[in-house]
Amino acid sequence: MQSRNIFLGLNAGLFVAGISILAAQAQAPIALAGQVSSTAEGAMEGVIVSAKRDATIVTISVVTDEKGRFSFPAAKLEPGHYSLSIRAAGYDLDGPSSAEVVAGTTASSDIKLRPTRNVPKQLTNAEWLASFPGSDSQKKSLLNCIGCHDLDRIVSSTHDADEFVQVFDRMTGYYPGSTPQHPQRLIGEARRNLGQAAGVRALAEYLASVNLSNDETWTYPLKTFARPRGRATRVIITEYDLPRKKIQPHDAIVDSAGMVWFTHFGEQFLGKLDPKTGAVSEYPLPVIKEGYPVGTLDLETDKAGNLWIAMMYQGGVAKFDTKTEKFQVWKVPQEWQTDATQQAFLTPTNSDVDGKVWVKNSDRAQILRLDPATGKWENLGSFKDPNTNRTITSYGIPADLENNLYLLDFSSSNVGKLDAKTGKLTVYRSPIPNSRPRRGRVDEQNRLWFAEYGGNAIGMLDPKTENVQNWVVPTPWAQPYDVVSDKNGEVWTGSMLSDRVSRLDPRTGEFVEYLLPRTTNIRRVFVDNSTTPVTFWTGNNHGASIVKVEPLD
């Protein structure tokens, strides 16, 4: 009976706290408010309304409630003239819309929508996959086709199967951070693997069946997902445009001073954004292999607050001291270098345990280890699944609290754990077949949270029980890229396909999914635990922007 009273008391306290939060938000000054409606639906819930002040880089977005109402807190909108835009699948603004925000007053702007004339241009990658005919297996073969561009580029093409095979052959020679606007060729014999010839041909034939090679329009119905509802509408989203369209902020993280640091996937810089001023600084990284592709991927921190960067085809890793603003670079030993040498991932997070930084060399799936104090490298080679004798091709190498290494096998359902002292490898398997584990983090309980790209799920490995649990993301074809837990025990991920940020409470299995205002190619995800509620950050890798998501509960 006593425990029941405690439970009731906790729930009563949470209820009162929730009422207090809502009351505080209701009393906060409002700069701009209105209602969104259409002839077809009347008042519309789940419409994203975005406001951008003239001559600024910042766009603020809110979402309409069940009565179609929206409001922008005065703390988010400075006085000035704002252009308004919306996101609602199947709809466009019925004419231009803007608002004049004046200090001390609430501006009003009711927004009318009309059916769009161009549904295909509004579809996300996930909605295209949901629309395609064919099996899940056929559709999953396209999951590697959205790293450099969206599926819109494929479905709008008129290539037949033979032409697609030629395109694939050309694509294998491009650096992973290439885009149609900024391609980079690999050097020498380096090539990216697309699989066996039979599989490549099958993929080519499938793509030719869903594009415009046989018809002037698509013969299958185009599907759109439902708009956000309920808790998913209780959010404020801020997007900061970066100064050049070619900037690809692959990994974005926030330091203790509130600065956002990000890697450039296609350029040789480390970037910094000051969210308070919008100022962007860029720090040129040394070039250590002249003529080879430039661009960086993984961005991590050590216990001292230094930033560590995986330098991809430059064949090394770098440490950046944020106080002195100086780089220190370690090149992979020359005798191990090839044209395909690629440092995509590194893990200095718990290097204070033994002084060692883990580094992945994608060439030959090698695991390297660096002693920064001496500059000495170790090459532990590649590792095989003992059951299948197949090489583990890890995409993400997070370390646990003892600096043992996890290998997230992107070609199977396996998670390998490498003992730092003995070199022993233990392999754990997800219950989801071919779940394709990729990036993730270890929490304070030493549990590994990771994305299951092929399984459309969040995975968690508890080393105490040696079991893998899964939570499937509600939105189909979201295919998580990275996972991180927050101070409250909730877990966050993002999608390269659905433009959604997913928030999981593992205790209840409940998901909240926040739709972003525009197409957003999410890679690394980060949670700032210094705020209440926590704040989610990510880079828009194809959109040259940094995105902040602030849930209101």
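Residues numbered from 1 in each chain as written. Predicted model: local features only at pLDDT ≥ 70, side-chain atom pairs only at ≥ 80, totals over all residues. Heavy atoms only, no water.

A.B. asks: Hey, could you run me through the overall build of the protein in this one?
C.D. replies: Regarding its fold elements, the protein presents six helices and 37 strands. Relative to a compact globule of 553 residues, whose C-alpha radius of gyration would be 24 Å, the protein shows 24 Å and is just as compact. Taken along the three principal axes of its C-alpha coordinates, the protein extends 65 × 65 × 55 Å. Expressed as a percentage of its 553 residues, the buried residues of the protein come to 54%. Restricting to contacts in the protein with at least 6 residues of sequence separation, those with at least 24 account for 55%. When the accessible area of the protein is evaluated, it comes to approximately 24000 Å², of which 51% is carbon and sulfur surface. Across the protein, the 60 positively charged side chains and the 62 negatively charged ones have centroids separated by 1 Å. (Helix = DSSP H or I, 4+ residues; strand = E, 2+ residues; numbered from the N terminus. Rg over C-alpha atoms; globule rule 2.2 N^0.38 Å. Buried < 20%, exposed > 50% of the residue type's maximum accessible area, 1.4 Å probe, protein only. Contact = heavy atoms within 4.5 Å. Areas by Shrake-Rupley, 256 points an atom, 1.4 Å probe, with all protein chains shown as cover. Lys, Arg positive; Asp, Glu negative; His and termini not counted. Charge placed at Lys NZ, Arg CZ, Asp CG, Glu CD.)

A.B. asks: Hey, could you run me through the confidence of the model for the protein in this one?
C.D. replies: A low pLDDT score tells you not to read the predicted coordinates there in detail. Put simply, the protein has an average pLDDT of 94, and 95% of its residues get 70 or more. Between residues 1-25, whose pLDDT stays under 50, and residues either more than four places distant or in other chains, the model counts four contacts. (pLDDT = per-residue confidence, 0-100.)

A.B. asks: Looking at this structure, how should I read the nonpolar core?
C.D. replies: Within the largest apolar cluster, 54 residues are counted, with the highest numbers of intra-cluster contacts made by F132 and L151. Mapped by element, the contributors of at least two residues to this core are α2 (125-131), α4 (152-155), α5 (161-171), α6 (197-210) and β24 (405-408). Ignoring anything within four residues of it in the chain, the contact list for L151 reads N125, W128, L129, F132, L142, C145 and I146. (Core = buried A, V, L, I, M, F, W, Y, C linked by side-chain atoms within 4.5 Å.)

A.B. asks: Before we go on, may I ask you to explain the sheet that holds strand β36 (residues 535-540) in this structure?
C.D. replies: Think of a sheet as strands paired side by side through backbone hydrogen bonds, with each pair either parallel or antiparallel. Here eight strands make up an open sheet; going across it, the order is β8-β6-β3-β4-β11-β37-β36-β35 and the pairing antiparallel. One side of each edge strand has no neighbouring strand; the edge strands of this open sheet are β8 (98-101) and β35 (522-528). Between one strand and the next, the sheet's axes are offset by a mean angle of 25 degrees, whatever the strand orientation. As paired elements, β36 and strand β37 (residues 545-551) share five bridges and run antiparallel to each other. Bridge assignment links F536 to a residue of β37, and that residue is V549. (Pairing = 2+ DSSP bridges. Axes fitted to C-alpha atoms, helices over the stretch in contact; angles between N-to-C directions.)

A.B. asks: Can you walk me through the side chain of S50 in this structure?
C.D. replies: Among the structural elements, S50 can be located in strand β3 (residues 48-53). Engagement of the side chain of S50 in a polar contact is seen with the side chain of S61, the distance being 2.6 Å. In contact with S50, other than residues within four places in its own chain, are T59, I60, S61, F72, S83, L84, S85 and P517. (Polar contact = N/O pair within 3.5 Å; in protein donor to acceptor, adjacent residues only side chain to side chain.)

A.B. asks: Got a minute to help me understand the environment of E325 in this structure?
C.D. replies: Secondary-structure assignment places E325 in the loop between β18 (316-321) and β19 (326-331). Sequence-wise, E325 and Y283 are 42 residues apart; in three dimensions their C-alpha atoms are separated by 8.2 Å. What E325 contacts, discounting residues up to four positions off in sequence, is K272, Y283 and F320.

A.B. asks: Would you mind showing me how to read unusual backbone geometry here?
C.D. replies: A negative phi angle is the norm for most residues apart from glycine, just as the trans form is the norm for most peptide bonds. Following T532, the chain continues to P533 via a peptide bond in cis, the omega torsion being -10 degrees. Within the secondary structure layout, P533 lies in the loop between β35 and β36. If you check the backbone angles, N403 has positive phi at about 65 degrees while not being a glycine. Structurally, the position occupied by N403 is in the loop between β23 (376-379) and β24. With a phi angle near 50 degrees, N456 is a residue other than glycine that sits in the positive phi range. Counting through the fold element by element, N456 comes out in the loop between β28 (448-452) and β29 (457-462). Relative accessible area serves as the criterion here: at 9%, N456 is assigned to the buried category.

A.B. asks: For this particular structure, what's the right way to read the pairing of strand β11 (residues 235-241)?
C.D. replies: Residues in a regular strand point their side chains to alternate faces of the sheet. The element β11 is extensively covered by neighbouring structure, given that seven of its seven residues are classed as buried. Every second residue of β11 is oriented toward a common face, with V235, I237, E239 and D241 on one face and I236, T238 and Y240 on the other, all of them buried. Taken together, the four bridges between strand β4 (residues 58-63) and β11 define a ladder with antiparallel strand orientation. Residue T59 lies in a different strand from β11, and its bridge partner there is E239. Examined bridge by bridge, β11 and β37 share seven bridges and lie antiparallel to one another. Paired with E239 across the two strands is V547, which belongs to β37.

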